[in-house]
Amino acid sequence: MTPAVEFIDVTKRFPGAAAPALDHVDLAIEPGELVCVLGTSGGGKTTLIKLINRLHEADEGSVRVNGVDVRDVDAIELRRGIGYVIQQSGLFPHMTVADNIACVPKILKWDRARIDKRVDDLLELVHLAPHEFRDRYPAQLSGGQQQRVGLARGLAAEPDIMLLDEPFGAVDAITRKSLQNELLRIHRSSGKTFIFVTHDVAEALRLATKVLVMDAGRVQQYGTPEELLQRPATPFVAELFGART
Ligand SMILES: Nc1ncnc2c1ncn2[C@@H]1O[C@H](COP(=O)(O)OP(=O)(O)OP(=O)(O)O)[C@@H](O)[C@H]1O
Ligand SMILES: [Mg+2]
């Protein structure tokens, strides 16, 4: 099967940095996985994500989405098929909640009724009452509510691949648990590929079909939660999971 996302010997250096942000990364993510990415701060997780939707470009090696090198696809076209949800939510401040969520469906020229229904369904999904929240602006929402709208926006056009970079950082434990449940349900029912960065080992073990551990720009291990727990490939992985128990 063609991997949904593939890194072939990818290195990424930022100007002036002492060490590469990604250092000869090889990785193949099969379609339908929910990959949780764990690792220390500065380990290269966000860089990995941004190379997939071409917010950054590799210095060496090849990043492929559905078998095609991302450099061979128009960046805008590429991003239409990839949902992207970040911690800071990235909402457009001058647009209402509904218009933020409707962004990609509008570009795709869905009809008005279909867009309205999708917006309401997604607001329900992330536990924001549509009649109350549709017409608000991002500045009129709490941080956690903004994150939930960001999640809804990422899901709007049912992209093949969802990239989620610490999307639940600003929500309380109860909301987080319910968003995790929603995410699991959406993932399991959609069959789409999700790549989810988190600092929370328990969250990763709960959600992941595969866990990817990154440190110092290198893949430490990629495998099922059981594999990583039972057969950690490096001392870093052992410590990451050992620290929990
Ligand atoms: N635009 C940039 N310019 C220069 N250096 C950068 C840039 N973006 C990231 N870096 C550096 O690349 C390395 C990897 O950063 P990255 O954001 O991928 O880490 P991360 O694993 O996502 O960390 P965190 O858990 O803190 O979000 C870090 O050393 C960082 O300082
Ligand atoms: Mg990051």
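Owing to the predicted nature of the structure, the values given are computational and were not obtained by experimental measurement.

Undergrad: Explanation requested: the overall build of the protein chain in the structure shown.
TA: A tally of regular secondary structure across the protein chain gives ten helices and ten strands. For the C-alpha atoms alone, the extent of the protein chain along its principal axes is close to 50 × 45 × 40 Å. In the protein chain, which comprises 245 residues, the proportion classed as buried is 50%. Long-range pairs, those at least 24 residues apart, make up 65% of the contacts in the protein chain between residues at least 6 apart in sequence. With the model as given, the accessible surface of the protein chain reaches about 11,300 Å², and the carbon-plus-sulfur share is 51%. Taking the average place of the 29 positive charges on the side chains of the protein chain and the average place of its 33 negative ones, the gap between the two points comes to 3 Å.

Undergrad: Before we go on, may I ask you to explain the site of ligand 1 in this structure?
TA: Phe 14, Ala 21, Thr 40, Ser 41, Gly 42, Gly 43, Gly 44, Lys 45, Thr 46, Thr 47, Glu 166 and His 199 make up every residue found near ligand 1. Note that an oxygen atom of ligand 1 is positioned 3.2 Å from one of the backbone N or O atoms of Gly 43. The separation between an oxygen atom of ligand 1 and a polar side-chain atom of His 199 is 3.0 Å. When isolated, ligand 1 has an accessible area of 630 Å², and the protein chains bury 59% of it.

Undergrad: Help me understand the nonpolar core, please; the structure alone is not making it clear to me.
TA: Nonpolar side chains tend toward joint burial in soluble globular proteins. Counting residues in hydrophobic clusters, the biggest one holds 46 residues, and the most contacted among them are Ile 101, Leu 151, Leu 155, Leu 164, Phe 194, Phe 196 and Phe 241. The leading source of residues in this core is helix α4 (residues 112-125), at five residues. Dropping the residues within four chain positions of it, Phe 241 is found in contact with Leu 38, Val 201, Leu 205, Val 211, Val 213, Leu 228 and Leu 229. If you look at the next biggest cluster of nonpolar residues, it comprises 26 residues, including Phe 7, Val 70, Leu 78 and Ile 161.

Undergrad: Mind showing me how you'd approach unusual backbone geometry here?
TA: A negative phi angle is the norm for most residues apart from glycine, just as the trans form is the norm for most peptide bonds. The phi dihedral of His 24 is positive, around 50°, even though this residue is not glycine. Turning to its location among the elements, His 24 is positioned in strand β2 (residues 22-29). Residue His 24 is classed as partly exposed on the basis of its relative accessible area, which comes to 44%. In the Ramachandran plot, Arg 54 falls in the positive-phi region, its phi being about 65° despite a non-glycine side chain. Tracing the sequence through the fold places Arg 54 in the loop between α1 (45-52) and β4 (60-65).

Undergrad: Could you clarify how one ought to interpret the packing of helix α3 (residues 97-107) against helix α6 (residues 143-155) in this entry?
TA: Axis separation between α3 and α6 bottoms out at 7 Å; the angle between their running directions is 30°. With respect to each other, α3 and α6 are oriented roughly parallel. Viewed along their axes, α3 and α6 form a crossing whose handedness is right-handed. Counted together, Val 97, Asn 100 and Ile 101 of α3 and Val 149, Ala 152 and Arg 153 of α6 form the full contact between these two elements.

Undergrad: Explanation requested: the pairing of strand β8 (residues 193-197) in the structure shown.
TA: Note on strand geometry: in a regular strand, side chains alternate between the two faces of the sheet. When you tally the buried positions in β8, you get five out of five residues, the bulk of the element. Neither face of β8 is left uncovered, since the one carrying Thr 193, Ile 195 and Val 197 and the one carrying Phe 194 and Phe 196 both have all their residues buried. Bridge analysis of strand β3 (residues 34-39) against β8 gives four bridges, and the strand direction is parallel. Each residue of the ladder has a partner; that of Cys 36, found in β8, is Phe 196. When strand β7 (residues 161-165) meets β8, the two strands line up parallel, connected through five bridges. Its bridge partner being in β8, Asp 165 is matched across the sheet by Val 197.

Undergrad: Sorry if this is basic, but what is going on with the packing of α3 against α4 here?
TA: Helix-helix packing is described using two parameters, namely the angle between the two axes and the distance between the axes. At a minimum axis separation of 10 Å, α3 and α4 run at an interaxial angle of 125°. Judged by the angle between their axes, α3 and α4 are oblique. Of the two possible hands of crossing, α3 and α4 adopt the one that is right-handed. Residues Val 97, Ala 98, Ile 101, Ala 102, Pro 105 and Lys 106 of α3 touch α4, and the partners they reach there are Arg 112, Ile 115, Val 119, Leu 122 and Leu 123.

Undergrad: How should I be thinking about the sheet that holds β8 in this particular structure?
TA: Hydrogen bonds along the backbone pair up the strands of a sheet, which may run parallel or antiparallel. Read from one edge of the open sheet, six strands run β6-β7-β8-β3-β9-β10, paired in mixed fashion. The open sheet terminates on both sides in strands that have one partner only, identified here as β6 (82-86) and β10 (218-223). Each strand of the sheet is rotated relative to its neighbour by a mean of 15°, with strand direction disregarded. Both strand β9 (residues 210-215) and β10 contribute to a ladder of five bridges, which runs antiparallel. Paired with Leu 212 across the strands is Tyr 222, a residue of β10. Those strands touched by α6 are β6, β7 and β8, and its axis lies near 170° from that of β6. Where helix α7 (residues 173-190) meets the sheet, it contacts β3, β7 and β8, and its direction lies at approximately 155° from that of β8.

The rules we used
Residues numbered from 1 in each chain as written. Chains lettered and ligands numbered in written order. Predicted model: local features only at pLDDT ≥ 70, side-chain atom pairs only at ≥ 80, totals over all residues. Heavy atoms only, no water. Helix = DSSP H or I, 4+ residues; strand = E, 2+ residues; numbered from the N terminus. Buried < 20%, exposed > 50% of the residue type's maximum accessible area, 1.4 Å probe, protein only. Contact = heavy atoms within 4.5 Å. Areas by Shrake-Rupley, 256 points an atom, 1.4 Å probe, with all protein chains shown as cover. Lys, Arg positive; Asp, Glu negative; His and termini not counted. Charge placed at Lys NZ, Arg CZ, Asp CG, Glu CD. Near = heavy atom within 4 Å. Polar contact = N/O pair within 3.5 Å; in protein donor to acceptor, adjacent residues only side chain to side chain. Core = buried A, V, L, I, M, F, W, Y, C linked by side-chain atoms within 4.5 Å. Axes fitted to C-alpha atoms, helices over the stretch in contact; angles between N-to-C directions. Parallel < 35°, antiparallel > 145°, perpendicular 65-115°, else oblique. Left-handed = near helix turned anticlockwise from the far one by under 90°. Pairing = 2+ DSSP bridges.

No statement about biological role is implied by the geometric values presented.
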